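# Remarks on the overall topology
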Amino acid sequence: MITITRCPHGHEIRTEADRDSTGFCRACRKVSNDAWQQKQRAARALVQSLERHGVVVDPDALTFQFGSETADMDAVADRIVATYGQGIQ
Ligand SMILES: [Zn+2]
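Figured I'd write up the structure that's included with this text. (Residues numbered from 1 in each chain as written. Predicted model: local features only at pLDDT ≥ 70, side-chain atom pairs only at ≥ 80, totals over all residues. Heavy atoms only, no water.)

### Here we look at the overall build of the protein
Each helix and strand in the protein was counted, giving two helices and five strands. Traced from its N-terminal end to its C-terminal end, the protein shows the element sequence β-β-α-β-β-β-α. Taking the contacts inside the protein whose residues are at least 6 apart along the sequence as the reference set, 7% of them involve residues at least 24 apart. Carbon together with sulfur atoms contributes 53% to the accessible area of the protein, which is approximately 7,300 Å² in total. (Helix = DSSP H or I, 4+ residues; strand = E, 2+ residues; numbered from the N terminus. Contact = heavy atoms within 4.5 Å. Areas by Shrake-Rupley, 256 points an atom, 1.4 Å probe, with all protein chains shown as cover.)

Now the structure itself:
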């Protein structure tokens, strides 16, 4: 009988080289990396769009500055939807 080793997400593990230190496999890592890159592209597009419209984005403080006013996240979200939200379902 052949025992098939699988990662926590059910992908087949053929050799120990296919598994990382957390027990996940190369396929899991690729899915995770792809998801991260997709989120990063979306975030980059948002930041670039905001900056094109004169909004200053501070990546360390995660604040957005409109003119001379620094806004909190709820205010930022409200303003983003009000300004750029047409077409968002
Ligand atoms: Zn996996």
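### A look at the pairing of strand E3 (residues 55–58)
Only one face of E3 is buried: it carries Val-55 and Val-57, and the other face, with Val-56 and Asp-58, is open. Sheet topology places E3 next to strand E4 (residues 63–66); four bridges connect them, and they run antiparallel. If you follow Val-57 over to E4, its bridge partner there is Phe-64. (Buried < 20%, exposed > 50% of the residue type's maximum accessible area, 1.4 Å probe, protein only. Pairing = 2+ DSSP bridges.)

### Some thoughts on the coordination of the zinc ion
Ideal values for angles at a metal depend on the geometry: 109.5 degrees with four tetrahedral donors, 90 or 180 degrees with six octahedral donors. At 2.1 to 2.3 Å from the zinc ion lie its protein donor atoms, namely Cys-7 (SG), His-11 (ND1), Cys-25 (SG) and Cys-28 (SG). One can describe the site at the zinc ion as tetrahedral: its four donor atoms subtend angles covering 100 to 120° at the metal. Donor residues for the zinc ion, ordered by position in the chain, follow C-x3-H-x13-C-x2-C. Of this pair, His-11 sits in the loop between strand E1 (5–6) and strand E2 (12–13) while Cys-25 sits in the loop between E2 and helix H1 (26–52), placing them 14 residues apart in sequence. (Donors = N, O, S within 2.8 Å, 3.2 Å for Na, K, Ca; no water. Tetrahedral: all angles 85-135°; square planar, octahedral: opposite > 155°, others 65-115°.)

### Looking at H1
Count 3.6 residues to each turn of an α-helix, and residues three or four apart come out pointing the same way. The terminal C-alpha atoms of H1 lie 38 Å apart, and with 27 residues this matches the ideal 39 Å at 1.5 Å per residue to within 8%. Every buried residue of H1 is accounted for by Cys-28, Ser-49 and Leu-50. (Expected span 1.5 Å × (residues − 1).)

### Notes on the nonpolar core
Grouped together as the largest cluster of nonpolar side chains are five residues: Leu-50, Val-55, Val-57, Phe-64 and Phe-66. When residues of this core are traced back to their parent elements, those giving at least two are E3 and E4. (Core = buried A, V, L, I, M, F, W, Y, C linked by side-chain atoms within 4.5 Å.)

### Here's the deal with the side chain of Asp-18
The topology assignment puts Asp-18 in the loop between E2 and H1. For Asp-18, a relative accessible area of 19% gives the class buried. Engagement of the side chain of Asp-18 in a polar contact is seen with the backbone nitrogen of Arg-14, the distance being 3.3 Å. Not counting the four nearest positions on each side in its chain, Asp-18 is found in contact with Ile-13, Phe-24, Cys-25, Arg-26 and Arg-29. (Polar contact = N/O pair within 3.5 Å; in protein donor to acceptor, adjacent residues only side chain to side chain.)

### Section: the pattern of salt bridges
Applying the stated criterion across every chain yields a total of five salt bridges. With its nearest N and O atoms 3.6 Å apart, the salt bridge here joins Arg-19 to Glu-16. Among the ionic pairs, Arg-26 bridges to Asp-18, the shortest N-O distance being 3.2 Å. (Salt bridge = Lys/Arg side-chain N within 4 Å of Asp/Glu carboxyl O.)

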